[in-house]
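Structural characterization, general
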Amino acid sequence: MNKFKYLSIAALLLINSACTPSPEAKLEPSSSQANAADTTNIEPVSKAVSGKVNRKGWEVRVTDVKYTGQKIQGKYTTYEAAEVWTVVPVTVKNTSGKRQREDDAWFHLFSSKLVDSKGNKYDLKDREIKYDIDLLNKPFSSGESRSVELLFDTPKGIKVDKFIIEDENFKPMAFKL
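Residues numbered from 1 in each chain as written. Predicted model: local features only at pLDDT ≥ 70, side-chain atom pairs only at ≥ 80, totals over all residues. Heavy atoms only, no water.

Glancing now at the overall build of the protein. Helices and strands together make up the secondary structure of the protein, namely two helices and 12 strands. Secondary structure of the protein in N-to-C order comes out as α-α-β-β-β-β-β-β-β-β-β-β-β-β. Buried positions account for 38% of the 177 residues belonging to the protein. When the accessible surface of the protein is totalled, it reaches about 10,800 Å², and 52% of it is carbon and sulfur. (Helix = DSSP H or I, 4+ residues; strand = E, 2+ residues; numbered from the N terminus. Buried < 20%, exposed > 50% of the residue type's maximum accessible area, 1.4 Å probe, protein only. Areas by Shrake-Rupley, 256 points an atom, 1.4 Å probe, with all protein chains shown as cover.)

What follows is the structure in structure tokens.
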């Protein structure tokens, strides 16, 4: 039943976003503005961490930010951005002494956001899994790490300031980059 947790959340978010009128729908944004998330309600995220967080038997590590071109060739597919890809490699590690599922983790990677030096937010657009996809529905062994590259479609030339994930209560946690 836990494996349907993310599917249910994603479906609810899609339904909610489809039924909620966007205040930007009446605007004709430039291509740079079209990919930026709404910045009118940005809450300051305090206590940004650098590099990694180890909490409740899970370590989340952000190692880098890569600015790439409009196309990325992944292991299974080619990803194409409207503008350019900004890539954030993330490694998740089970630091508990037992096997556990990512479904039960304290974080939500797939609602991640980037914040640039001007305060603009960008939503996660795609991901490139860097481990055997046969492991997707299997628990992490104690000490096991898995990596993923999170892909953000951003304007060319931005400078990323923060990477934001949400905790189990959907409260933001920022990584200073």
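What follows deals with the confidence of the model for the protein. Averaged over all residues, the pLDDT of the protein equals 78, while 72% of them reach at least 70. When the elements of the protein are averaged for pLDDT, helix H2 (residues 31–35) gives the smallest value, 38, and strand E8 (residues 121–123) the largest, 97. Between residues 1–47, whose pLDDT stays under 50, and residues either more than four places distant or in other chains, the model counts 34 contacts. (pLDDT = per-residue confidence, 0-100. Contact = heavy atoms within 4.5 Å.)

With that out of the way, let us pick up the side chain of glutamate 128. For glutamate 128, the position within the fold is in strand E9 (residues 126–129). This buried residue, glutamate 128, is left without a salt bridge; lysine 130 holds the nearest opposite charge, at 4.2 Å. Of the polar contacts made by the side chain of glutamate 128, one reaches the side chain of tyrosine 79; its length is 2.6 Å. Not counting residues within four places of it along the chain, the set of residues in contact with glutamate 128 comprises Gly74, Lys75, Tyr76, Tyr79, Val148 and Glu149. (Lys, Arg positive; Asp, Glu negative; His and termini not counted. Salt bridge = Lys/Arg side-chain N within 4 Å of Asp/Glu carboxyl O. Polar contact = N/O pair within 3.5 Å; in protein donor to acceptor, adjacent residues only side chain to side chain.)

Moving on to unusual backbone geometry. Of note in this structure, lysine 56 is not a glycine but carries a positive phi near 50°. Within the secondary structure, lysine 56 is located in the loop between strand E1 (52–55) and strand E2 (58–62). The phi dihedral of phenylalanine 170 falls on the positive side, at around 60°, and the residue is not glycine. By secondary structure assignment, the location of phenylalanine 170 is in the loop between strand E11 (160–167) and strand E12 (172–176). The partly exposed category is assigned to phenylalanine 170, whose relative accessible area is 43%.

So, on to the nonpolar core. Counting residues in hydrophobic clusters, the biggest one holds 27 residues, and the most contacted among them are Val60, Val90, Trp106, Phe107, Leu109, Phe163 and Ile165. Broken down by secondary-structure element, the contributors of at least two residues to this core are E2, strand E6 (84–94), strand E7 (107–116), strand E10 (145–154), E11 and E12. Ala81, Trp85, Val87 and Leu151 belong to the second largest nonpolar core, which has six residues in total. (Core = buried A, V, L, I, M, F, W, Y, C linked by side-chain atoms within 4.5 Å.)

Per the stated rule, a full pass over the model turns up 10 salt bridges. A salt bridge links glutamate 149 to lysine 66; the nearest nitrogen and oxygen atoms lie 2.7 Å apart. Here glutamate 149 is found in strand E10, whereas its partner lysine 66 is found in strand E3 (residues 66–67), with 83 residues between them in sequence. Exposure remark for lysine 66: the relative accessible area of 32% places this residue in the partly exposed category.

Our next topic: the pairing of E2. Within E2, four of the five residues are buried, which leaves the element mostly enclosed by the surrounding structure. Judged from the five bridges that link them, E2 and E6 form a sheet pairing that is antiparallel. Counterpart to valine 62 in the pairing with E6 is valine 90. (Pairing = 2+ DSSP bridges.)

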